[in-house]
Amino acid sequence: MKRKLIYITILGIILGFSLYVMRGTDISNKLKRIILPELEMATGQKVIAQKIYINLFPLYIGIKDVKAFDDKGVKFFAAKNIKGYISISGLLKKEIVIRRTIIKEPEIVSDRSQIEEMVSNIKNYLNMETRFPYKVVFKSIVISNAFIDFQEGDNKLTIKALNADLDLSERSSFRISSKEINFKKEGFPKVKGMIETFFILKDKEIELKKLAIISDGTEVTADGSILLEKLTAELRTETNILIKTIKSIFALKKDDRGSIFAKGIIRFEDLKSDINNIFLELKLKGDMQLETLMELLHVHERLNGYLVFDGEIKGYINDLKGNAKARLSDGNLFGIDVNKLSCNVSYSDGIMKFTNGSANLYKGKASVEAMIEIPVVNYYSFKVIAENVNSKDVFKLINWDPGIAEGKVSGEIASSGSTFNPYGRFLYRNTSLKNLVNNGDLNILGRINEIKGEFAMKDNIINFPNLTVTTDRSTATANGDVDILNNLLNFTGSGKTEDIKELSSPYFTAING
């Protein structure tokens, strides 16, 4: 029993001494003289460390407070602690197998030129004959709570709280996540978000198992495969974009209510030869203010209201085509107030069309068609066929008050070109007379039952080529112009009446016949 106790005590002393020696200053300095010059040769950077030590159980090499500096003395890399867990299984093959490398709280501050220079140095180092008799093999790398600051010209990318688990075996896999990513570009608002991804690297192909990007409530997910040789890929994606995110990214000023959901396929076809080789095939569904969409497209014509849509887009990014079923409420299209509108919307070759529209407007109903060139509006057109709409609202639309009683108008109004010059036909019916017990106190304008004809407006002058006006006892036809700016009328016409007093009453009633 005493002998066993003595053996255990001796073994404990030996182990304790070994642990002390392995973590002592002498060992640290010797390891520094071996490891740090190799790191400097590989990276082209000046590398220092507070301490390098060996732990026996479990077996690993530890480096504390490691830092790397460029030739100007600017810190490029720093890490509080790096541990490399060693497997002895490869010693017979003259391999030092680092089965797991843990890097805690690394910081990288760099730019494109520095990264490219370091990558070139590492490639050259790997092609050199090493003096070290053993080949170092890394099996996995774990990075926790990393900070990266990367700058290229006016572009700056900052990544915080980055965690990564890299499996470097034959079928390499990578899990990477960050709780905060910030991107800045001069002239653009700051973009902030978080990311999580998992992918497998197979020879010259990336098998993307998961990609999730979240920014200000907007979420984008994707999976698929990427061929690295020509940058060709096919990704399945689901995206839920909040309009407030779009407003923030593009510095829009209009209403930020609503969201857009997209689901489908994105294909990259040999991006190395042409960046426009991106093909989209997406189902779209969402709601937003129409004026916000027009602001995004740099369209300044009056198009507003709350838009709900369900459709799809398809094509290459420089030749997209799309169609959707849409509903607009409390809107205005080219100056026409619309309570409700349902229609088909299509986009192709820079032209957006609204077809098969059915609308409630001005207390009546109408069918609506419109088209507009975007983003530069050199031409637009619309046509509204109305039924029993409020007459005051129609005359307000063309900035003219003829002084007749309120009634209902049916007909057609249209305009095309680069300016608002409406034309059409109409039928006005007085709906006020039936509510009067005695209309004898009304002047002739108030006693008009019906007006029908055609009109065309240009340069604030409305031309009426043929008007027919009827009352209970009179009928007149006329043609002429109304100058809206100068408030002038110029008409010629003829008519007949069964009672001339109807024309002069209530101002003069002495004449009969």
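Since the structure is predicted, the reported quantities are computational estimates derived from the model, not experimental observations.

(A) Local environment of the overall build of the protein. Summing up its helical and strand segments, the protein has seven helices and 27 strands in all. Within the span of the protein, comprising 513 residues, buried residues form 36% of the whole. In the structure as shown, the protein presents an accessible area of about 30800 Å², 56% of it carried by carbon and sulfur atoms.

(B) Examining helix 4 (residues 243-250) more closely. Among all positions in helix 4, only Ile243, Thr245 and Ile246 are buried. Down the axis of helix 4, the buried side of the element spans an arc of 155 degrees, and every buried residue falls inside it. Taken together, the buried residues of helix 4 touch strand 11 (205-215), strand 12 (218-227), strand 13 (232-242), strand 14 (258-268), strand 15 (278-289) and helix 5 (290-296). Looking one or two residues past helix 4, Ala251 carries a phi angle of roughly 55 degrees, positive in sign.

(C) View of the packing of aromatic side chains. Counted under the stated rule, the structure contains eight aromatic pairs. Look at Phe174 and Phe199: their rings are 5.0 Å apart centre to centre, the planes differ by 15 degrees, and that puts the pair in the stacked class. Within this pair, whereas Phe174 is found in strand 9 (residues 172-185), its partner Phe199 is found in strand 10 (residues 191-202), the two being separated by 25 residues in sequence. Neither residue differs from the other here; Phe174 and Phe199 are each classed as buried. Aromatic side chains Phe382 and Phe420 sit 6.1 Å apart centroid to centroid with 10 degrees between the ring planes, which places their arrangement in the stacked category. Taken together, the residues Phe382 in strand 21 (residues 380-390) and Phe420 in the loop between strand 22 (407-417) and strand 23 (423-430) connect sequence positions 38 residues apart. Counting every residue linked through ring pairs, the aromatic cluster contains Phe426, Phe455, Phe464 and Phe491. A cation over an aromatic ring shows up here: Arg175 above the ring of Phe198, its NZ or CZ 3.9 Å from the ring centre.

(D) Region of the structure containing unusual backbone geometry. Not every positive phi belongs to a glycine, and Asn145 is a case in point at roughly 55 degrees. Classification of Asn145 by relative accessible area gives partly exposed; the value is 43%. Positive phi, normally seen in glycine, also occurs at Asp330, with a value near 50 degrees. Take Asp330: it is sitting in strand 17 (residues 321-333).

(E) Expanded view of the pairing of strand 21. Bridge analysis of strand 20 (residues 364-373) against strand 21 gives eight bridges, and the strand direction is antiparallel. What sits directly across from Ser367, in strand 21, is Ile385. Hairpin geometry of strand 20 and strand 21 is characterised by an intervening segment of six residues between the two adjacent antiparallel strands.

(F) Quick look at the environment of Asp310. The topology assignment puts Asp310 in strand 16 (residues 303-316). Separated by 17 residues in sequence, Asp310 and Arg327 place their C-alpha atoms 9.3 Å apart. Setting aside residues up to four positions removed in sequence, Asp310 forms contacts with Leu284, Lys285, Ala324 and Lys325.

(G) A nonpolar patch on the surface, seen in detail. On the surface, Val136, Phe138 and Leu168 cluster together into a nonpolar patch covering about 230 Å² of accessible area. Turning to its location among the elements, Phe138 is positioned in strand 6 (residues 135-138). What makes Phe138 partly exposed here is its relative accessible area of 41%.

(H) Representation of the confidence of the model for the protein. Counting all residues, the mean pLDDT for the protein is 83, and 88% of those residues have values of 70 or more. Element-level pLDDT for the protein is lowest in helix 1 (residues 2-22), with a mean of 47, against a maximum mean of 94 in strand 15. Low pLDDT (under 50) marks residues 9-22, which in the prediction has eight contacts with non-local residues, meaning those over four places away or in another chain.

(I) Representation of the side chain of Asn430 in the model. Tracing the backbone through its elements, the reader meets Asn430 in strand 23. At 2.9 Å, the side chain of Asn430 and the backbone oxygen of Ile448 are in polar contact. Sequence-distant contacts of Asn430, that is, excluding residues within four places in its chain, are made with Ala405, Glu406, Gly407, Gly446, Ile448 and Asn449.

(J) Inspection of the pairing of strand 14 at higher detail. Bridge count between strand 13 and strand 14: ten bridges; the pairing is antiparallel. Paired with Glu238 across the bridge in strand 14 is Lys263.

(K) Highlighting the pattern of salt bridges. Applying the stated criterion across every chain, the model contains 17 salt bridges. Here Glu207 makes a salt bridge to Lys209, at a shortest N to O gap of 2.5 Å. Relative accessible area serves as the criterion here: at 16%, Glu207 is assigned to the buried category. Looking at Lys209, the relative accessible area reads 41%, which means it is partly exposed. Residues Arg257 and Asp255 are paired through a salt bridge, measuring 3.1 Å at the closest nitrogen-oxygen approach. Residue Arg257 is classed as partly exposed on the basis of its relative accessible area, which comes to 45%. Asp255 sits in the partly exposed class, given a relative accessible area of 28%. A single salt-bridge network, built from bridges that share partners, covers Lys202, Glu207 and Lys209.

(L) Focus on the environment of Ile141. Relative to the helices and strands, Ile141 is located in strand 7 (residues 140-152). C-alpha separation for the pair Ile141 and Leu166, spaced 25 residues apart in sequence, amounts to 5.0 Å. For Ile141, the contacting residues outside a window of four places in its chain are Thr101, Ile103, Ala164, Asp165, Leu166 and Leu168.

(M) Structural view of the side chain of Ser110. For Ser110, the location among the structural elements is in strand 5 (residues 107-111). A polar side-chain atom of Ser110 sits 2.9 Å from a polar atom in the side chain of Gln114. If we ignore the near neighbours within four places in the chain, the residues touching Ser110 are Phe76, Ile115, Asp149, Phe150 and Gln151.

The rules we used
- Residues numbered from 1 in each chain as written.
- Predicted model: local features only at pLDDT ≥ 70, side-chain atom pairs only at ≥ 80, totals over all residues.
- Heavy atoms only, no water.
- Helix = DSSP H or I, 4+ residues; strand = E, 2+ residues; numbered from the N terminus.
- Buried < 20%, exposed > 50% of the residue type's maximum accessible area, 1.4 Å probe, protein only.
- Areas by Shrake-Rupley, 256 points an atom, 1.4 Å probe, with all protein chains shown as cover.
- Arc of directions from axis to C-beta.
- Contact = heavy atoms within 4.5 Å.
- Phe/Tyr/Trp six-rings, centres within 6.5 Å; stacked < 30°, edge-to-face > 60°.
- Lys NZ or Arg CZ within 6 Å of the ring centre and 35° of its normal.
- Pairing = 2+ DSSP bridges.
- Patch = residues over 30% accessible without salt bridge, like charges linked within 9 Å, V, L, I, M, F, W, Y side chains within 5 Å.
- Salt bridge = Lys/Arg side-chain N within 4 Å of Asp/Glu carboxyl O.
- pLDDT = per-residue confidence, 0-100.
- Polar contact = N/O pair within 3.5 Å; in protein donor to acceptor, adjacent residues only side chain to side chain.

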